[in-house]
Amino acid sequence: MAQPQHFEALEKELRPLVEGFGLELDAVLSVKESGMKIVRVIVESPETGQGLDSELLAQVSRAVSPLVDQADPIDSEYYLEVSTPGAERELLEPRHWVKQIGRLASVKLRDGSRLCGRVTSADDKGAVLDVDAQTVRIEYAQMKKARARVEFGSEE
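Keep in mind that this is a model prediction, so the values were computed, not measured.

## Some thoughts on the sheet that holds strand 3 (residues 36–44)
Inference 1: The strand order across the open sheet formed by 4 strands is 1-2-3-4, and the pairing between neighbours is mixed. Each edge of the sheet is formed by a strand with only one pairing partner; in this case those strands are strand 1 (5–6) and strand 4 (79–83).
Inference 2: Where strand 2 (residues 24–33) and strand 3 come together, 9 bridges link them in antiparallel fashion. The residue of strand 3 that forms the bridge with V31 is I38.

Here's what the structure looks like:
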């Protein structure tokens, strides 16, 4: 699968519009899925763990559509999709890690090893995880891939 293309200039243009809805703009990407080209505008709540309803996503979609059409980021036909990053989002930036504090994350390191633990803190250089009652600091440069993990069940 090809890597998504990021549209930083379009992100800068859309950011104030998305913030006007009380949301954060995570990314604007171009992906190809099942032969279809998609411009994906990923938005999220500034509140950790706060979901977004479909009506709000529809409002954002209607608002960003004319700006995306005007920017015309892809030479051919495409679909516009406004969505959230999802429950098991990839953790790509320090701000993603900060939102994950208190929650589970899995990390594949560049040396091939894997860790899964609860994020206890994060800064611009790396994150600290509680892995089997051991505190482990991992620098972002050591990470090959990291993902948020969903916990099932209830604490009693």
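The discussion continues.
## A look at the UniProt feature "domain: Ribosome maturation factor RimP C-terminal" (unreviewed entry) in the chain
Inference 1: As recorded in UniProt, the feature "domain: Ribosome maturation factor RimP C-terminal" (unreviewed entry) lies at residues 91–152.
Inference 2: End C-alpha atoms of residues 91–152 are separated by 20 Å, and the span's content is 10% helix alongside 55% strand.

## Some points on the pairing of strand 7 (residues 126–131)
Inference 1: Burial of strand 7 is extensive: 5 of the 6 residues sit out of reach of the surface.
Inference 2: With 4 bridges joining them, strand 6 (residues 114–122) and strand 7 adopt antiparallel strand pairing. When the bridges of strand 7 are listed, V119 appears paired with L129.
Inference 3: Hairpin connection of strand 6 to strand 7: 3 residues between the antiparallel strands.
Inference 4: For strand 7 and strand 8 (residues 134–139), the ladder comprises 6 bridges, and the chain directions are antiparallel. From the neighbouring strand, V128 faces strand 8, where its bridge partner is R137.
Inference 5: Hairpin connection between strand 7 and strand 8: a loop of 2 residues separates the two successive antiparallel strands, and D132 in this loop has a positive phi of roughly 50°.

## Some thoughts on helix 1 (residues 8–19)
Inference 1: Under the 1.5 Å per step criterion, the end-to-end length of helix 1 is 16 Å for 12 residues, consistent within 8% with the ideal 16 Å.
Inference 2: Of all the residues in helix 1, the buried ones are L10, E11, L14 and V18. What you see down the axis of helix 1 is that its buried residues fit within an arc of 95°, all on one side. In helix 1, the exposed residues that point more than 90 degrees away from the buried face are A9, K12 and P16.
Inference 3: On its buried side, helix 1 packs onto strand 1, strand 2, strand 3 and helix 2 (54–71).

Rules used in this analysis
- Residues numbered from 1 in each chain as written.
- Predicted model: local features only at pLDDT ≥ 70, side-chain atom pairs only at ≥ 80, totals over all residues.
- Heavy atoms only, no water.
- Pairing = 2+ DSSP bridges.
- Helix = DSSP H or I, 4+ residues; strand = E, 2+ residues; numbered from the N terminus.
- UniProt positions renumbered as here; feature names shortened; annotations may be inferred.
- Buried < 20%, exposed > 50% of the residue type's maximum accessible area, 1.4 Å probe, protein only.
- Expected span 1.5 Å × (residues − 1).
- Arc of directions from axis to C-beta.
- Contact = heavy atoms within 4.5 Å.

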